[in-house]
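Each chain is listed here by its residues.
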Amino acid sequence: MTTRGNARTNGNLPQTKICQFKLVLLGDMAVGKSSLVLRFVKGQFDEFQETTIGAAFLAQSVCLDDTTVKFEIWDTAGQERYHSLAPMYYRGAQAAIVVFDITKPETFERAKAWVKELQRQASPNIVIALAGNKSDLADKRLVEYEEAQTYAEDTGLLFMETSAKTAMNVNELFLAIAKKMPKTDTQNPTHAARHRGVNLQDPDAQSSRSCCGN
Amino acid sequence: METTDSPVVTSLHQSDKNEMQSENNIDSITEVEDHMTLPRIERSKETKLLDTLTENNSNPRYLPVDIQKEEAVVFDVSETVKAPEDGGHEDSGEFVVAMLARGKLEEQDVCKRISPPILETSLEASTHWDEDVTAETWRQHRKHVFVLSEAGKPIYSRYGSEEALSSTMGVMMALVSFIQSGDNVIRSVYSDEHTVVFMQQGPLVLVSVSSTRQSEQQLRNELLYVYNQIVSMLTQASITRIFEHKKNYDLRRLLAGSEKILDGLLNLVDFDPSFLLSAVHCLPIASSFRDSLSQILQKAITPNLVFSILIAKNQLLTIAQEKMVIEDAKLDPSDLHLLLNLIGASSAFQAGEIWTPICLPSFNPDCYFYAYISYLDPPECTVCLLLLSTDNEAFYAVAECKRKIEEAMQAQNALTSIAKAQSYSVSQVGVSDLRHFMYKPFDVPDNHHQLTQFTSPEMEAPYDSEEEKMRLLDLYRDMHGRIHNTSRPLKLIYHVGLRETLLAWVTTKFELYTCFSPLVTKSCAINAITKLLRWVKKEEDRLFIRYPPKYSTTPNASKS
Ligand SMILES: Nc1nc2c(ncn2[C@@H]2O[C@H](COP(=O)(O)OP(=O)(O)OP(=O)(O)O)[C@@H](O)[C@H]2O)c(=O)[nH]1
Ligand SMILES: [Mg+2]
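What you are looking at is a predicted structure, and each value in this text was computed from that prediction instead of being measured.

**Some details on the sheet that holds strand 11 (residues 315–322) of chain B**
If you walk across this open sheet you meet the twelve strands as 6(A)-5(A)-4(A)-1(A)-3(A)-2(A)-12(B)-13(B)-14(B)-10(B)-11(B)-20(B), and the pairing is mixed. A strand with exactly one partner marks an edge of an open sheet, and here the two such strands are strand 6 (158–161) of chain A together with strand 20 (550–551) of chain B. Across seven bridges, the pairing between strand 10 (residues 305–312) of chain B and strand 14 (residues 383–389) of chain B is antiparallel. Pairing of Ile309(B) across the sheet is with Leu386(B), part of strand 14 of chain B.

**Quick notes on the site of ligand 1**
Residue and element names in this part refer to chain A. Neighbouring ligand 1 are 23 residues, the closest being Lys33, Ser35, Thr51, Gly78 and Asp136. The separation between a nitrogen atom of ligand 1 and a polar side-chain atom of aspartate 136 is 2.7 Å. A distance of 3.5 Å separates an oxygen atom of ligand 1 from a polar atom in the side chain of serine 163. In isolation ligand 1 exposes 650 Å². Once the protein is present, 92% of that is buried. At three residues, the largest contribution of residues to the shell around ligand 1 is made by helix 1 (residues 33–42). Of the residues assigned to the shell around ligand 1, the class counts are seven nonpolar, nine polar and seven charged.

**A short note on the environment of Pro441(B)**
Residue and element names in this part refer to chain B. If you trace the backbone, proline 441 turns up in strand 15 (residues 434–441). Considered as a pair, proline 441 and glutamate 540 are 99 residues apart in the sequence and their alpha carbons are 9.9 Å apart. Those residues in contact with proline 441 that sit more than four places away from it in its chain are Gln453, Phe454, Lys509, Phe510 and Phe544.

**Here we look at the confidence of the model for chain A**
All names here are of chain A. Averaged over chain A, the pLDDT score is 83; the fraction of residues at 70 or greater is 79%. Counting contacts from residues 1–13, a segment whose pLDDT is below 50, to residues more than four positions away or on other chains yields 26 contacts. Counted against residues more than four places away or in other chains, residues 185–214, with its pLDDT under 50, gives 43 contacts.

**Focus: the coordination of the magnesium ion (ligand 2)**
All names here are of chain A. Protein ligation of the magnesium ion (ligand 2) involves Ser34 (OG) and Thr52 (OG1), the donor distances falling in the range 2.0 to 2.1 Å. Placement of serine 34 in helix 1 and of threonine 52 in the loop between helix 1 and strand 2 (55–64) is noted, with a sequence separation of 18 residues between them. As far as burial versus exposure is concerned, serine 34 and threonine 52 are alike and both buried.

**Focus: the packing of aromatic side chains**
For the coordinates displayed, the defined rule picks out 26 aromatic pairs over all chains. Ring geometry for Phe307(B) versus Phe369(B): centroids 6.1 Å apart, planes at 65°, classification edge-to-face. Of this pair, Phe307(B) sits in strand 10 while Phe369(B) sits in strand 13 (residues 369–375), and the two are 62 residues apart along the sequence. Under the relative-accessibility criterion, Phe307(B) is labelled buried at 0%. A connected cluster of aromatic rings, assembled from ring pairs, spans Phe57(A), Trp74(A), Tyr89(A), Trp355(B), Tyr370(B), Tyr372(B), Phe395(B) and Tyr396(B). When the ring centre of Trp114(A) is taken as origin, the NZ or CZ atom of Arg110(A), which lies over that ring, is 4.6 Å away. Cation over ring: Lys112(A) sits above Tyr151(A), and NZ or CZ is 5.5 Å from the ring centre.

**What to know about the interface of chain B and chain A**
Facing the 40 residues of chain B at the interface are 32 residues of chain A. Contact between chain B and chain A buries roughly 2,900 Å² in total, counting both sides, with carbon and sulfur atoms accounting for 55%. On the chain B side of the interface with chain A, the three residues burying the most area are Ala351(B), Glu393(B) and Tyr396(B), jointly 22% of the side's total. The shortest N-O distance in the salt bridge between Arg253(B) and Glu80(A) comes to 2.7 Å. Along the contact surface separating chain B from chain A lie twelve residue pairs in polar contact (both at pLDDT 80 or more). If you list the elements that add at least two residues to the side of chain B that touches chain A, you get helix 6 (216–234), helix 8 (252–255), helix 9 (259–271), helix 13 (333–345), strand 12 (353–358), strand 13 and helix 14 (395–411) of chain B. Tallying contributions element by element places helix 14 of chain B first for the side of chain B that touches chain A, with seven residues. Its residues assigned to classes, the side of chain B that touches chain A shows 21 nonpolar, ten polar and nine charged. Relative to strand 12 of chain B, strand 2 of chain A is paired through three bridges, and the arrangement is antiparallel. What sits directly across from Phe57(A), in strand 12 of chain B, is Glu353(B).

About the cut-offs
- Residues numbered from 1 in each chain as written.
- Chains lettered and ligands numbered in written order.
- Predicted model: local features only at pLDDT ≥ 70, side-chain atom pairs only at ≥ 80, totals over all residues.
- Heavy atoms only, no water.
- Pairing = 2+ DSSP bridges.
- Helix = DSSP H or I, 4+ residues; strand = E, 2+ residues; numbered from the N terminus.
- Near = heavy atom within 4 Å.
- Polar contact = N/O pair within 3.5 Å; in protein donor to acceptor, adjacent residues only side chain to side chain.
- Areas by Shrake-Rupley, 256 points an atom, 1.4 Å probe, with all protein chains shown as cover.
- Nonpolar A, V, L, I, M, F, W, Y, C, P; charged D, E, K, R; others polar.
- Contact = heavy atoms within 4.5 Å.
- pLDDT = per-residue confidence, 0-100.
- Donors = N, O, S within 2.8 Å, 3.2 Å for Na, K, Ca; no water.
- Buried < 20%, exposed > 50% of the residue type's maximum accessible area, 1.4 Å probe, protein only.
- Phe/Tyr/Trp six-rings, centres within 6.5 Å; stacked < 30°, edge-to-face > 60°.
- Lys NZ or Arg CZ within 6 Å of the ring centre and 35° of its normal.
- Buried area = accessible area lost by both parts, 1.4 Å probe.
- Salt bridge = Lys/Arg side-chain N within 4 Å of Asp/Glu carboxyl O.

Listed below in structure tokens is the structure:
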């Protein structure tokens, strides 16, 4: 299910560094958050993907030259009843993908609201990417590429149009985010622990984990 | 267990003579009444010891309009129900009106209560939101369920889209308010084809329109399940708060995406007797194996973890509970049913490790638990682990418990053994003529904390088609309704039908429903039940979770 790292991030390995980041996906219902994640993690696409309940946690790694970047992904539910829970999932995240559906302008508006909320309340250094999903449905497009592109530039976001269905730009999006992550930071274990909350592979993080319970 | 010489059985033998009257082509039901608890407030006609019930015969016990104050209110439908103003879609509002009008006429009359043939469509679990609500097929569904707000706004309909049904629901709300304005509460309406049951829960009104022969109490229970499933997603407190704030709030906004969960629930309610019996069914496995699974759960704990539940093939394997928490309030079977339904209703849980708030309405309707849900055998996804914590920040700690459980299970090769586990065949009981049974014991050890359970074999031929399965379940439901009839409860029912003979029996130690081939004699059936009870006793360690395991994780345990 989740890909388990088989090496430790303890700085003793000279060749490949392993960095771990918490990434959260936000966006309106049915824009394709789960589909993007499942395309990235399992290489699958399901026409009948079911609506997420709460949030799903998955992990996947990408390789960048000398570094393996492991994403701990929180795929949140877009349903309105879960909105108040979003902070629980984006707190401590170093990266976020805010997704909208290019055939539904209201989901683009909703995406902008998510970006605002993240910039106000998430970690100050969070890397935010905007994904205009369902680019395979170009004939039904109602959000122009330029419009989203301009918005992303003005707001300082990464932007790509993606299709979970055809896989277009899905891996590219995650790679682009991986490249933007501050790799030097995570080599310092103390800094990293504070920054990313919890490292599942790191036994030292155990103690800090139990105290975040209260 | 050896109670076959109880007075109940004696009186059964006495009434044996009456059975001579029963003809070959009619069903006869012998009812042995419990005179101790019989409150004798029959308003309608007499109480017969022998109550013959043919398929077309009437049942005089049903009153057309039954309201809480027990006065037969006759209301004029034309006055109550104003034509809905919105000129929108053509709607079947007059469906309800017609039913109610008929109900009124039936007051002095006897009602025909025919269980309609099961329509193929009613057996499908698929969504019906696009169904044409003006079509005859829509009307013919066995059981409709509607949820609306006090303002008459549609929230959920089992069949057809809520929008298309908004004036039907308006009519329902008009009825509820009309009776309310007279300082009364509408509870049910009977017509020759339908039973309409109303239930108000806070700002929500739930309505069941059923053409089954189920009792009002059973339909009311089912509506309560629907309400509780909604509460499990939103909590009662937040529903109340929302409608206090805005009376005509559209609750569908908050329930978006959960129609499937409610559809699934109503389908389970129809096909899974757990709901009827208010008991859980666990997968039969060797008690030593169940114990070792329980121990694995007991060892993988973390602060604020309160329930650890292992499920296979949608049935319970074992459940470990936090000591202090269950001293506070025990886990109600109905909460477990809602959890099992939730997990079974959505493939979304197969996507990864799920962390979601969930409310257990019978435990505490106003607060959330945080549920960790993960399948242990991807990609098959038949074995599911459910860990409930009171701490919303506990995901990583709880996920660590899962990894421990996974490792321990791997070491014992438990998944392979679980895959082999299956429900049993009635032939294993070794009683000829016995086709099926449902047995719910009350004499469990450690009673206070025990989970109410029942056991039942697979439904095999002739009950292997959906239609036949439903027919047998309907017979069980009918007997259950008679046994639990509040004004005339029965202890024993012997029902001779054309296609099978049924015997239902409730004692202080158990509740039992059995189905025999039609040719069985009464003494044979009694004999068979004695054997069955012996068999269950012998197998009980395998059939039930005998001593639900506990652990202690929460020095500062609280319900919130
Ligand atoms: N054509 C097309 N359909 C897509 C694409 N991505 C997702 N879908 C479909 O859109 C629907 C919703 O996708 P999900 O991945 O469940 O959307 P979500 O954002 O996770 O939705 P919630 O979990 O409810 O918040 C599904 O039917 C998918 O098959 C895409 O790139 N192209
Ligand atoms: Mg999703």
